Structure formats: structure tokens, C-alpha cells
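One letter stands for each residue in the lines below.
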Amino acid sequence: MKITIRKNPEELGKSAGKRVAELISNTISKKGEANVILATGASQFETLNQLITEDINWSSVTMFHLDEYIDLPESHPASFRKYLKERFLEKVSPLKAFHLINGEKDPIEECERLGKLISNSPIDVALVGVGENGHLAFNDPPANFDTEQPYLIVDLDLQCRQQQFKEGWFDTIADVPKQKISMSVQQILKSQYIVCSSPDSRKAVAIKNTIEGEITNLVPASILQEHPNCEFYLDEASANLLNKTS
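Parameters and conventions
- Residues numbered from 1 in each chain as written.
- Predicted model: local features only at pLDDT ≥ 70, side-chain atom pairs only at ≥ 80, totals over all residues.
- Heavy atoms only, no water.
- Salt bridge = Lys/Arg side-chain N within 4 Å of Asp/Glu carboxyl O.
- Helix = DSSP H or I, 4+ residues; strand = E, 2+ residues; numbered from the N terminus.
- Buried < 20%, exposed > 50% of the residue type's maximum accessible area, 1.4 Å probe, protein only.
- Pairing = 2+ DSSP bridges.
- Axes fitted to C-alpha atoms, helices over the stretch in contact; angles between N-to-C directions.
- Contact = heavy atoms within 4.5 Å.
- Right-handed = clockwise from strand over helix to strand, strands pointing away.

*Asks:* I'd like a rundown of the pattern of salt bridges, residues and numbers included.
*Replies:* Enumeration according to the criterion identifies 17 salt bridges in this entry. With a shortest N-O distance of 3.2 Å, glutamate 148 and lysine 190 are connected by a salt bridge. Of this pair, glutamate 148 sits in the loop between strand S6 (125–128) and strand S7 (151–155) while lysine 190 is found in the loop between helix H6 (185–189) and strand S9 (193–198), placing the two residues 42 residues apart along the sequence. Judged by relative accessible area, which is 49%, lysine 190 ranks as partly exposed. A single network of salt bridges, built from pairs that share partners, joins Glu68, Glu74, Arg81, Lys85 and Glu104.

Laid out in C-alpha cells, this is it:
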């Protein structure tokens, strides 16, 4: 795995965003189009801020996203549909297509709908992050490493729900939904390239376990060690516990 460490989240985002733009543009040059996965949450703020400034032929790009809460209205501040529309889709020229997860629909039917779409759209570049509990997308530990189903209904563990509350997305932890629709681990790993942006000291333990620990579904993001083209973008705070050899 390639690991890039920058001083702060802003510098991390600039480096990661430029790299993602390079990968997308190179793919368009080779294939005429690119299929991408965008992540959400606080860890992606700076990366997306940089990405939207890049000169990319967005009309050749199809976008999928990683996860969405079940039964949370799009008008809610924590809605990831709202996040992607306001922070990305409304900031760039029109895409070829985008496929947002609608957590207000029947979740089983929504998983099936999205699964069919992404199965016909091999992913070229995936943006991901690492949760404080080591989750990948919202595959909390112990994550299902085996299922080939592209999208799943997943339960959120307490540490995950606490993270969402502490980041300010919800007024109380009781307001944090207990289930989400999430892209599966195996579907993420099918991506040609994976770019993982994870700043902040509160991610340091998870990052150390992800990069230096054993591959285990108790640290779901650790499976990224198996991917041939995974790049980590960290700041000094999130990389603080890594060994120098890493």
C-alpha cells in the first residue's frame, strides 16, 4: 500500500483530491468513461473540496456512493444524499449518471436495484475512509468479508453511532439510526483503484490497526491490505501511531 502523510487535513485533501482527479482522467483517456464511488462524512471534506476544483470531463463519469441511513429523510443534516448533492453534485458540471442510495425506500428492494446497476458498471476509482471502529463503508465489526452481494443492510455498533453523534450530525445518540444500507466489502475491493482519506487523531488507533495489524473482520478496513492498488492519505495526527517502517 502507498501511504502519503501530510501535515493537516487541508494538505491531505489537496493531495488526495489531485490523485483521484488524475486517476479519473487517466481512466477516461483509456476507456472513454469512468465509474467512481464517492465516500461521505467528515473525513472526506477536504478531498472533495479539492476534487470539485479539478479539470475533469464529468460528463464521462458515473458515480455510486457507499452508504445511507435507513428511514432518514434527505432533508436531515446527516443524510448522505444531501451531503453528496450539496458538496459534490451541485459543484461540478453534470455527470453521465449518478446513483444515490434512497434509504427511505424498501431497503431490500433498494439493495437489489443498486446491486444490478453496479454489477454492470465495474468501478475504476473508489474513495473510502476508515471509521474510528475500523469500519469500511458502514461494515462495522465483525464485518462480512465473504458476501458477494453488492449492497447490504447493516447494523451500526455503538462506537460507530457515537462517532456520528460526536461529529455533530445528530442532536443525541438516540437519534442516530441503527441501520444503514452499505456497499459490501467485496464490492469495494472490486474497484481498480482505492483512495482512502483518513485525517484526525481520533482515527489514529484504527489507522494503525488497519495498516499494521492482522487482516481481520474485527478491523474491517484491514482487508485493504490485500488490494493491489490502495493508497492511504493521512495527516500527521491520524498517522501518529504508525511505525516509521510503514
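Picking up after the structure, the text goes on.
*Asks:* Before we move on, can you summarise the sheet that holds S7 with the specific residues and values?
*Replies:* Judged by pairing direction, the sheet is antiparallel, and its three strands sit side by side in the order S4-S8-S7 without closing on themselves. Of all the strands in the sheet, just strand S4 (67–69) and S7 have a single pairing partner and so form its edges. Geometrically, the sheet is characterised by an average inter-axis angle of 25° between neighbouring strands, direction not taken into account. In terms of strand pairing, S4 meets strand S8 (residues 179–183) through three bridges, oriented antiparallel. Across the sheet, aspartate 67 pairs through a bridge with serine 182, a residue of S8. The strands touched by helix H4 (residues 107–119) within the sheet are S7 and S8, with S7 carrying the most contacts at an inclination of about 140°.

*Asks:* How would you summarise the pairing of strand S3 (residues 61–65) if you had to cite specific residues and measurements?
*Replies:* Each regular strand shows side chains that alternate between the opposite faces of the sheet. The buried fraction of S3 amounts to five of the five residues, a majority that puts the element mostly inside the structure. Neither face of S3 is left uncovered, since the one carrying Val61, Met63 and His65 and the one carrying Thr62 and Phe64 both have all their residues buried. For strand S2 (residues 34–38) and S3, the ladder comprises five bridges, and the chain directions are parallel. By the bridge assignment for S3, leucine 38 is matched with histidine 65. Regarding the hand of the β-α-β motif, the stretch spanning S2, helix H2 (residues 45–51) and S3 is right-handed.

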